[in-house]
Amino acid sequence: MGKQSNWLRKKLKRRDSATNSRPEQSPQEQDELWNQPLAGQLKTDRSELQHVFQHASDVVFREFVIHDKGDKKDCLLIFIDGLVETDALREHALTPLLKPDPTGEDRPELEAISISQLSRAKTYGDVIEAVLAGSAALLSDGARDAIILNVRGGMRRAVEEPHTEAAIRGPREGFTENLRTNTALIRFRVKSHHLKMEPFIIGRYTRTNVVLAYIEGVVDPAVLEEVRRRLRSIKIDGVLESGYIEEMIEDETSSPFPQLQYTERPDTVASQLLEGRFAILVDGTPFVITGPITFWQMLQASEDYYERFIIGNLIRWLRFQFLLIALYTPALYIAITTYHHEMLPTTLMLSIATARESIPFPAVIEAMLMEISFEALREAGIRLPRTIGQAVSILGALVIGQAAVEAGIVSAPMVIIVALTGIASFTIPRFNFAISFRMLRFPMMILAGVFGLFGIVFGTVLLVLHLCHLRSFGVPYLSGVAPMKKREQKDIFIRVPWWRMVTRPSTYAKSNLRRMEKGMEPKPPQEGGS
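Reading the values: rules and limits
In this numbering scheme, every chain counts its residues from 1 along its sequence in written order. The model is predicted, so local features are restricted to residues of pLDDT at least 70 and side-chain atom pairs to those at 80 or more, both for listing and for counting; the totals for chains, interfaces and linings are taken over all residues. To obtain the side-chain values, all non-hydrogen atoms of the structure were included, while hydrogens and water were left out. What counts as a helix is a DSSP run of H or I of at least four residues, what counts as a strand is a run of E of at least two, and both are numbered from the N terminus. To sort residues, take the accessible area from a 1.4 Å probe on protein chains only and compare it with the maximum for the residue type: under 20% means buried, over 50% means exposed, and anything in between is partly exposed. Residue contacts are defined here by distance: any two heavy atoms, one from each residue, within 4.5 Å place the two residues in contact. Each accessible area is a Shrake-Rupley result for a 1.4 Å probe, and residues are judged covered by the shown protein chains and nothing else. By definition, a salt bridge exists where a carboxyl oxygen of Asp or Glu is found within 4 Å of a side-chain nitrogen of Lys or Arg. One bridge is not enough; two strands pair if DSSP finds at least two bridges between them. For helices, the fitted axis covers only the stretch in contact; all axes are lines through C-alpha atoms, and the angles between them, taken along N-to-C directions, range from 0 to 180 degrees. Think of a patch as exposed residues, more than 30% relative accessible area, with no salt bridge, where like charges cluster within 9 Å and nonpolar side chains (Val, Leu, Ile, Met, Phe, Trp, Tyr) cluster within 5 Å. Aromatic pairs are defined between Phe, Tyr and Trp rings, using the six-membered ring for Trp, whenever the two ring centres lie within 6.5 Å; interplanar angles under 30 degrees are classed as stacked, those over 60 as edge-to-face, and all others as tilted. Criterion for a charge above a ring: Lys NZ or Arg CZ within 6 Å of the ring centre, and within 35 degrees of the ring normal. Between N or O atoms, a polar contact is any pair within 3.5 Å; within protein, one atom must be a potential hydrogen donor and the other a potential acceptor, and residues adjacent in sequence are included only when both atoms are from side chains. Roughly parallel means an angle under 35 degrees; roughly antiparallel, over 145; roughly perpendicular, 65 to 115; everything else is oblique. The hand of a helix crossing depends on one turn: near helix anticlockwise from the far one by less than a right angle means left-handed, and clockwise means right-handed. Take the buried Ala, Val, Leu, Ile, Met, Phe, Trp, Tyr and Cys residues and link them wherever side-chain atoms come within 4.5 Å; each set so joined is a nonpolar core.

Caption draft 1: Molecular detail of the overall build of the protein chain. A tally of regular secondary structure across the protein chain gives 18 helices and twelve strands. The buried share among the 530 residues of the protein chain stands at 44%. Expressed as a percentage of contacts within the protein chain between residues at least 6 apart in sequence, the contacts between residues at least 24 apart total 65%. A total accessible area of about 28,800 Å² is found for the protein chain, and carbon and sulfur atoms account for 59% of it.

Put into structure tokens, the structure is as follows:
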């Protein structure tokens, strides 16, 4: 085996010398080249860059000659096919450079190019990074810097309605996978020079563009500095989605509750920036991370603020009730039917006992079987193609539920309890927050099956203690209630009219708390008045 490897190595060496080609550069050699300045000789620069991009068929090296002060100058244009707007590159760069000036005078390169965004790169690393990011690099013989042409484009998804956060009333625009489109969608809503967007590049190989957005003068400087520190401390090979960032910067990774919120809606991000939070945008994903967050925020939807406050409050109260139903209903059914029969009216208890008479399993096992089956059907409905996913989940629930009841495996009341619990969990606006309560439902059922109502109380105490201990960038998860802040009660359990929400939440905004002037309530003219 060793002789064969030596023979192959010698053969490759002879082939390289025969074709006058340099051997492939190791990753270490390419990293050393990264910080070296351009040689200023086009032949040398082209050779170095071709070896960096060797075996990359989508990287285009376009060589051409221009006239500069009566002399011919060799030039090289480097770009990645599919990442640039080729029409703009041809019309605003190549054509002006190759076409002689009508006056007969030679023009400098920068005057000939009509692309709006130009910059210069002095090192190989700057050129490589710009090309990989979707720009084009123009090198010329004798120049020790390259001209970077911002012609990023390619095939990307257009702005569409968000798929995960549907709304009856509100904007229909959603984020896309294009970072600059997403930042523009936020700029459309917050037209202020105080809106800042700091760039980061994370990922050794993916070199993913990440933007930290905030409103200067509104966000807490201490929280902002902590976000910067956590983003800079991320050392990873690649970032493909904002979930990578979320897991690496959250306070408590072992908690079932999310400490950052993700959203597809630009209006949601804009509203949270105005309250003093920050947003993290990641290139390649439509999901934007916002923080810090609280428990109560995860139960709020954008429509709460677009509808009249009476309607918004009614819907919000329903969410709180269904949250409790989703968490406690199976556990309460298990505890009452197993240990605390006296809590039910006699007629209802006899009806449940009759339905469970032929069931071979205890209530806790029966509930576990049904809940696991329901979760499996829900997951199958998500993973299957959209055209058949809903039909499979609905028909599967009906068929399995009916067959299980007729076979005497589960009782009819248990099917009703599980169906009610599933519907209740769908009313929670945030998907990751709803998953947390779907997970906690199972330990609650186990505690109820072992200890009855005492187990449910014990589980609730542990849950509240955990929530009191949880932080999101130093902000208490139950902030507004624990610790109690009277001013923030205007937007927790109820949402007061907009003209009474004069100040921002002090949990996030430490300064510049005033949101609007006082006395903005409607004052229609009185009868008989002027």
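Caption draft 2: Quick look at the pattern of salt bridges. Under the defined criterion, the tally for this structure stands at 25 salt bridges. For arginine 230, the salt bridge is made with aspartate 251, and the minimal N-O distance between the two is 3.1 Å. With a gap of 21 residues between them, arginine 230 in helix α8 (residues 221–232) and aspartate 251 in the loop between α9 (242–249) and β8 (261–263) connect regions that are remote in the sequence. Among the residues examined, arginine 230 registers a relative accessible area of 13% and is labelled buried. Linked through salt bridges whose partners overlap, the residues forming this network are Glu371, Glu375, Arg378, Arg438 and Arg441.

Caption draft 3: The sheet that holds strand β7 (residues 208–215), seen in detail. Taken together, the five strands give an open sheet; going across it, the order is β6-β7-β9-β10-β8, and neighbouring strands pair in antiparallel fashion. The open sheet is flanked by β6 (195–202) and β8, the only strands paired with a single partner. Mean inter-strand twist for the sheet, computed between neighbouring axes without regard to direction, equals 25°. As paired strands, β7 and strand β9 (residues 278–282) are joined by four bridges and run antiparallel to one another. Directly across from valine 210, in β9, lies its bridge partner valine 282.

Caption draft 4: Focus on the environment of serine 373. With respect to the helices and strands, serine 373 occurs in helix α14 (residues 363–383). The exposure class assigned to serine 373 is partly exposed, which follows from its relative accessible area of 29%. The spacing of serine 373 and isoleucine 400 is 27 residues in sequence and 8.7 Å in space, taken between C-alpha atoms.

Caption draft 5: Quick peek at the side chain of glutamate 371. Mapped onto the fold, glutamate 371 is located in helix α14. Apart from the residues within four sequence positions on either side, glutamate 371 is in contact with Pro330, Val418, Thr421, Arg441, Phe442 and Met445.

Caption draft 6: A look at a nonpolar patch on the surface. Residues Phe309, Ile310, Ile311, Leu314, Ile315, Trp317, Leu318, Phe493 and Ile494 make up a contiguous nonpolar surface patch of roughly 760 Å² in combined accessible area. Within the fold, leucine 314 resides in helix α12 (residues 309–338).

Caption draft 7: Just the packing of aromatic side chains, in detail. Under the criterion given, the structure shown has 15 aromatic pairs. Seen in terms of ring centroids, tyrosine 262 and phenylalanine 287 are 5.5 Å apart; in terms of plane orientation they differ by 90°. Their pairing is edge-to-face. You can see tyrosine 262 sitting in strand β8 and its partner phenylalanine 287 sitting in the loop between β9 and β10 (288–291), a full 25 residues away along the chain. Considering the side-chain rings of tyrosine 305 and tryptophan 498, the 6.0 Å spacing of their centres and the 50° angle between planes classify their relative orientation as tilted. Of this pair, tyrosine 305 sits in helix α11 (residues 303–306) while tryptophan 498 sits in the segment after β12 (475–476), and the two are 193 residues apart along the sequence. Overall, tryptophan 498 belongs to the partly exposed group, its relative accessible area being 36%. Of the aromatic side chains, those joined through ring pairs into one cluster are Phe257, Phe295, Trp296, Phe320, Phe433, Phe437, Tyr477 and Phe493. Its end group placed over the ring of phenylalanine 473, arginine 230 keeps NZ or CZ at 4.2 Å from the ring centre. The cationic tip of arginine 277 hangs over the ring face of tyrosine 508; the distance from NZ or CZ to the ring centre is 3.9 Å.

Caption draft 8: Molecular detail of the side chain of aspartate 220. By the element assignment, aspartate 220 lies in the loop between β7 and α8. The class of aspartate 220 is buried, set by a relative accessible area of 12%. With residues near it in sequence (within four places) discarded, aspartate 220 still touches Gly276, Tyr508 and Lys510.

Caption draft 9: A look at unusual backbone geometry. Residue proline 292 is bonded to the preceding glycine 291 through a cis peptide linkage, with omega at -5°. Structurally, proline 292 is set in the loop between β10 and α11. At histidine 55, a residue that is not glycine, the phi angle is positive and equals roughly 65°. By the element assignment, histidine 55 lies in the loop between α3 (42–52) and β1 (59–68). The phi dihedral of phenylalanine 473 is positive, around 55°, even though this residue is not glycine. For phenylalanine 473, a relative accessible area of 7% gives the class buried.

Caption draft 10: Structural context of the environment of serine 479. Structurally, serine 479 is set in the segment after β12. For serine 479, a relative accessible area of 2% translates into the label buried. On a C-alpha basis, the gap between serine 479 and serine 506 in space is 10.0 Å, while along the polypeptide they are 27 residues apart. Those residues in contact with serine 479 that lie beyond four places of it in its chain are Thr294, Trp296, Lys485, Glu488, Ile492 and Thr507. There is a polar contact of 2.9 Å between the side chain of serine 479 and the side chain of threonine 507.

Caption draft 11: Highlighting the packing of α14 against helix α16 (residues 412–426). Following both chains from N to C, one finds α14 and α16 inclined at 45°, their axes separated by 10 Å at the closest point. On the basis of their axis angle, the class for α14 and α16 is oblique. Our pair here, α14 against α16, has a crossing hand that is right-handed. Mapping the contact onto sequence places Ala363, Glu366, Ala367, Met370, Glu371, Phe374 and Arg378 in α14 and Met414, Val415, Val418, Thr421, Gly422, Ser425 and Phe426 in α16.

Caption draft 12: Spotlight on the nonpolar core. By size, the foremost hydrophobic cluster in this structure holds 42 residues, and its most contacted members are Phe257, Phe295, Phe433, Phe437 and Tyr477. Every element with two or more residues in this core is listed here: α12, α14, α16, α17 (431–451) and α18 (453–469). With sequence-adjacent residues up to four places away left out, phenylalanine 257 is seen in contact with Phe295, Phe433, Ser436, Phe437, Leu440, Leu463, His466, Leu467, Leu470 and Tyr477.

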